[in-house]
Structures are given as structure tokens and as C-alpha cells.
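Coordinate inspection notes
For reference, the chains in residue letters:
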Amino acid sequence: MEQALNAQDSNKQSAPKLSLVDRLQHWLPKIVMAPTMLVTVVCIYGFIFWTAAVSMTNSRFLPSFNFVGFAQYEKLMDNDRWITSITNLGIFGVLFMLIAIVLGVGLAILLDQNIRQEGAIRTIYLYPMALSFIVTGTAWKWILNQV
């Protein structure tokens, strides 16, 4: 038993030290990503917190820091236009997702099978993706074109 403990202690002592390149290879990705992660955390979670804090005040256009709790939300829920908007948003969201899923799965099934006019269907399917690049390129060409 004592020999096994001594063997473990000698293994710990004889473990090779990492070279500078190995340590740099281990830490460099973390160092490079740290500023990006910090900015992401501040910009996402910081602004979420800021929005939640300001929503609990009686602010209108510019922030004022008079805390009113959930009074703004109570006013919002009493507004008929808000209820109508939320209802419309829910209906639109559900229908959009259902139609997009059904069309996507249907087109994927059609493209996976050997059918007539497969080239035409593939073109119709991929055309919107290519069109956005063409429109963006044309818009930048117009913007950067010196008249």
C-alpha cells in the first residue's frame, strides 16, 4: 500500500511541465474570445436588464427613474389595441410556422425523390436564396457607384 502511494507521488513529481507553446495553445483561444464574450454578455444581458428596469418606471420618451412597479404593464393590459395586437401576433406566428414547416417538409420530400421536373423544382426552391445575394449586390453597386 505504501509503495503504491509513493508511486503516485513520484508520478506527480515526474509529470512533464508544459512548454510555452503548449500553454499558449491552451490559453490563446480563451484570451481571444474573452472580449467577444464580454461584449456579448454586456450587450445582451445588460440591455435586457436595462429594458426591464426602465419598464418599471413612469418613463415615456426619455428615461425617468420614478419607480412605479407593474403600473405600466397594468395600463398595457387594459388597452384593447394591445390585446388585439397580441392576438394577431399569436395567430400570425402559429400560422406562419405551420405553413413554413409544411411547405419545407413537402419541398424536401419532393427534392429527395426522383421526379420529373426535378431541375425546375430545385430552381424554384433555391431561387429565393440566390435572389437575396443578387439584390444585395446590386444595391451595394448602386450605393458605391460614383455618378
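Residues numbered from 1 in each chain as written. Predicted model: local features only at pLDDT ≥ 70, side-chain atom pairs only at ≥ 80, totals over all residues. Heavy atoms only, no water.

Per an unreviewed UniProt entry, the recorded name for the chain is ABC-type sugar transport system permease component, and the organism is Vibrio variabilis. Taken verbatim from the UniProt record of the chain, the Subcellular location (unreviewed entry) comment is "Cell membrane". (UniProt positions renumbered as here; feature names shortened; annotations may be inferred.)

Looking at the overall build of the chain
Of the regular secondary structure elements, the chain holds five helices and zero strands. Reading the helices (α) and strands (β) of the chain from amino to carboxyl end gives α-α-α-α-α. For the chain, the proportion of its 147 residues judged to be buried stands at 5%. For the chain, the proportion of contacts with a sequence separation of at least 24, taken over those separated by at least 6, is 0%. Approximately 13,600 Å² of the chain is accessible, and the part contributed by carbon and sulfur atoms is 70%. (Helix = DSSP H or I, 4+ residues; strand = E, 2+ residues; numbered from the N terminus. Buried < 20%, exposed > 50% of the residue type's maximum accessible area, 1.4 Å probe, protein only. Contact = heavy atoms within 4.5 Å. Areas by Shrake-Rupley, 256 points an atom, 1.4 Å probe, with all protein chains shown as cover.)

A closer look at the side chain of Ser-55
Relative to the helices and strands, Ser-55 is located in helix α2 (residues 20-55). For Ser-55, the side chain forms a polar contact with the main-chain oxygen of Ala-52, separated by 2.8 Å. Ignoring sequence-local partners within four residues, the contact set of Ser-55 consists of Gly-69, Gln-72 and Tyr-73. (Polar contact = N/O pair within 3.5 Å; in protein donor to acceptor, adjacent residues only side chain to side chain.)

Overview of the UniProt feature "transmembrane region" (unreviewed entry) in the chain
As annotated in UniProt, the feature "transmembrane region" (unreviewed entry) corresponds to residues 31-53, 89-111 and 123-143 in the numbering used here. The distance from the first to the last C-alpha atom of residues 31-53 is 32 Å, and the span holds 100% helix and 0% strand. Between the C-alpha atoms that bound residues 89-111 the distance is 32 Å, and the span itself is 100% helix and 0% strand.

Focus on the packing of aromatic side chains
To describe a pair of aromatic rings, one takes the distance between the centres and the angle between the planes. For the structure shown, the criterion picks out three aromatic pairs. Both rings, one in Trp-50 and one in Phe-65, keep their centres 5.9 Å apart while their planes meet at 65°; by these two values the pair is edge-to-face. Taken together, the residues Trp-50 in helix α2 and Phe-65 in the loop between α2 and α3 (71-78) connect sequence positions 15 residues apart. The exposure class assigned to Trp-50 is partly exposed, which follows from its relative accessible area of 43%. Judged by relative accessible area, which is 58%, Phe-65 ranks as exposed. (Phe/Tyr/Trp six-rings, centres within 6.5 Å; stacked < 30°, edge-to-face > 60°.)

Brief notes about α2
Between its terminal C-alpha atoms α2 stretches 51 Å, which fits the 52 Å expected from 36 residues at 1.5 Å a residue. If you look at α2, its biggest bend is around 40°, right at Trp-27, and the proline Pro-29 turns up within four residues after that. (Expected span 1.5 Å × (residues − 1). Bend = angle between axes of the 7 residues up to and from the residue.)

Focus on the side chain of Ser-59
Examined against the element boundaries, Ser-59 turns out to sit in the loop between α2 and α3. A relative accessible area of 15% places Ser-59 in the buried class. Within the local environment of Ser-59, its side chain forms a polar contact with the backbone nitrogen of Ser-64, the two atoms lying 2.8 Å apart. Those residues in contact with Ser-59, other than ones at most four positions away along the chain, are Val-54, Ser-64 and Gln-72.

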